[in-house]
Amino acid sequence: MNKLISSLSVAALFAAAAPAMAAEPVELWRTTGFTAPESVSYDPGTDAFYVTNVNGDAEGAAGFISKLNRDGTIAEERFAEGLTRPLGTAIADGVLYVATVNSIATVDLASGEVTQYPAPEGTNMLNGIDVAEDGTVYATDTMAGSIYALQDGTVSLWLQDPALAGINGIEVDGERLIIVRMGDLSNGFANISPIGDAKQINIASKEISDFGQTEIGIFDGVDMAEGGVLAADYAGGKLVFIPEEGAPETILDTGMLSFADHHYYPELDGLVIVPVTQSNVVIAYSWQQ
């Protein structure tokens, strides 16, 4: 009897120490009618979502921003226009920050006014974007393995390193940046070699180190979650939770191509909102960790 009690106690101890498996996200709604949606961000001030529509090649300024209501209905199809391949988004203090292929743009969410800050010559494709508490805007250059920064109205190269090859999504987390990578793009998107990992960068020292364990995939968006990050696998149509400690976990596997720059809002009942670029759809899920 004592041995049985002892065995049960040990089993209970290990069960308590093991991380709980996250529930699969539940779909809330999906909205169609976009033109290559790539990123979605929520603004609490206007209680609305803002979606980038790439809508064209790198040479034209045909990209635009759509505004969505909380229930996914389209409030304004073309809230802001005149952007060249708008990709990643972030929102701070009533301003939408957009990474375009050749600039960092700001959109005043009260008026829709667009201001563009050109990237320096040699920039390839600004993609992911986020804003630090000090107002610095960081944007990734996927094709060049680089990070640019917008400070005092000027965009300049902040960091370039081989360890950032295929960089896409970026999040500011206190004194560090968290990034995810798509893979080796030296032979173009059609011949991408997946890397699919996350890294952290100390903002003060610019030291790069691994974040969590490697997960093979082609990661696009990244957002902070409790104990780790939530990454979107562009090619696999997956949402993957990458903890700082322990093995990554696929929490959703749709098989859809082109899961892009999602955002996660635990304060909105665990809302995860995902643009699916090639399907021209935005999908909202509820995810409880």
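Reading the values: the criteria
- Residues numbered from 1 in each chain as written.
- Predicted model: local features only at pLDDT ≥ 70, side-chain atom pairs only at ≥ 80, totals over all residues.
- Heavy atoms only, no water.
- Helix = DSSP H or I, 4+ residues; strand = E, 2+ residues; numbered from the N terminus.
- Rg over C-alpha atoms; globule rule 2.2 N^0.38 Å.
- Buried < 20%, exposed > 50% of the residue type's maximum accessible area, 1.4 Å probe, protein only.
- Contact = heavy atoms within 4.5 Å.
- Lys, Arg positive; Asp, Glu negative; His and termini not counted.
- Charge placed at Lys NZ, Arg CZ, Asp CG, Glu CD.
- Pairing = 2+ DSSP bridges.
- Axes fitted to C-alpha atoms, helices over the stretch in contact; angles between N-to-C directions.
- Salt bridge = Lys/Arg side-chain N within 4 Å of Asp/Glu carboxyl O.
- Polar contact = N/O pair within 3.5 Å; in protein donor to acceptor, adjacent residues only side chain to side chain.
- Core = buried A, V, L, I, M, F, W, Y, C linked by side-chain atoms within 4.5 Å.
- Phe/Tyr/Trp six-rings, centres within 6.5 Å; stacked < 30°, edge-to-face > 60°.
- Lys NZ or Arg CZ within 6 Å of the ring centre and 35° of its normal.

The protein is annotated in an unreviewed UniProt entry as SMP-30/Gluconolaconase/LRE-like protein region family protein from Ketogulonicigenium vulgare.

Trainee: Would you mind showing me how to read the overall build of the protein here?
Mentor: In terms of regular secondary structure, the protein is built from one helix and 26 strands. For a compact globule of 289 residues, the expected C-alpha radius of gyration is about 19 Å, and the protein comes in at 19 Å, within 12% of that figure. Structurally, the protein occupies a C-alpha span of about 75 × 40 × 40 Å along its principal axes. Counting over 289 residues, the protein shows a buried share of 52%. Sequence separation of at least 24 residues holds for 42% of the intrachain contacts in the protein that already meet a minimum separation of 6. Mean positive and mean negative side-chain charge positions of the protein (11 and 40 charges, respectively) differ by 6 Å.

Trainee: Explanation requested: the pairing of strand β13 (residues 154–160) in the structure shown.
Mentor: Sheet faces and side chains relate simply in a regular strand, where the side chains alternate between the two faces. One ladder, built from six bridges, connects strand β12 (residues 146–151) with β13; its direction is antiparallel. Pairing of I147 across the sheet is with L159, part of β13.

Trainee: What is the right way to read the sheet that holds strand β24 (residues 263–265) from this model?
Mentor: Think of a sheet as strands paired side by side through backbone hydrogen bonds, with each pair either parallel or antiparallel. The strand order β1-β26-β25-β24 describes an open sheet built from four strands, whose pairing is antiparallel. Two strands lie at the open edges of the sheet, namely β1 (26–32) and β24, each paired on one side alone. Geometrically, the sheet is characterised by an average inter-axis angle of 20° between neighbouring strands, direction not taken into account. One ladder, built from three bridges, connects β24 with strand β25 (residues 271–276); its direction is antiparallel.

Trainee: Explain the side chain of D233 to me, please; I cannot follow it from the model alone.
Mentor: Position of D233 relative to the elements: it lies in strand β21 (residues 228–233). As a buried residue without a salt bridge, D233 has its nearest oppositely charged side chain in K238, at a separation of 4.8 Å. Reaching out from D233, the side chain makes a polar contact with the backbone nitrogen of G236 at a distance of 3.2 Å. If we ignore the near neighbours within four places in the chain, the residues touching D233 are G217, I218, F219, K238 and F259.

Trainee: Would you mind showing me how to read the sheet that holds strand β10 (residues 126–131) here?
Mentor: The sheet built from four strands is open, its strands ordered β10-β11-β12-β13 with antiparallel pairing. Where the open sheet ends on each side, the last strands, each with one partner, are β10 and β13. Sheet twist, expressed as the average angle between the axes of neighbouring strands with direction ignored, equals 25°. Summarising the sheet, strand β11 (residues 137–141) and β12 pair through five bridges and their orientation is antiparallel. Bridging from a neighbouring strand, A139 pairs with Y148 of β12.

Trainee: Which parts of the structure should I look at to understand the environment of N168?
Mentor: Relative to the elements of secondary structure, N168 occurs in strand β14 (residues 167–173). Separated by 81 residues in sequence, N168 and E249 place their C-alpha atoms 20 Å apart. In this view, N168 contacts N127, G128, T140, T142, V180, R181, M182, F219 and D220; residues no more than four positions away in its chain are not counted. At 3.4 Å, the side chain of N168 and the side chain of N127 are in polar contact.

Trainee: Teacher, can you tell me more about the pattern of salt bridges here?
Mentor: When charged atoms on two side chains of opposite charge get close, those side chains can pair. Counted under the stated rule, the structure contains eight salt bridges. Two residues, D47 and R70, come together in a salt bridge whose shortest N-O distance is 3.0 Å. On the criterion of sequence distance, the pair formed by D47 in the loop between β2 (37–43) and β3 (48–53) and R70 in the loop between β4 (63–68) and β5 (74–83) is long-range, its members being 23 residues apart. Across the pair R176 and E244 runs a salt bridge, and its minimum N-O distance is 2.9 Å. Taken together, the residues span a long stretch of sequence, with R176 in strand β15 (residues 176–181) and E244 in the loop between β22 (238–243) and β23 (249–253) at a distance of 68 residues. On the basis of relative accessible area, R176 is assigned to the buried category, the value being 17%. Linked by salt bridges that have partners in common, R181, D197, K199 and D210 make up one network.

Trainee: Would you mind showing me how to read the nonpolar core here?
Mentor: Side chains that are nonpolar tend, in soluble globular proteins, to be buried together. Counting residues in each nonpolar core, the largest one holds 17 residues, and the members touching the most others are L230, L239, I251, F259, V272, Y285 and W287. Among the secondary structure elements, those contributing two or more residues to this core are β21, β22, β23, β25 and β26 (281–286). What V272 contacts, discounting residues up to four positions off in sequence, is L230, L239, H262, H263, Y264, I283, A284, Y285 and W287.

Trainee: Looking at this structure, how should I read the packing of aromatic side chains?
Mentor: The geometry of two aromatic rings is summed up by the distance between their centres and the angle between their planes. The full count for this structure, using the stated rule, is seven aromatic pairs. Of the aromatic side chains, those joined through ring pairs into one cluster are W29, Y42, F49 and Y265. Residue placement shows R78 over the ring face of F64; its charged tip is 4.0 Å from the ring centre.

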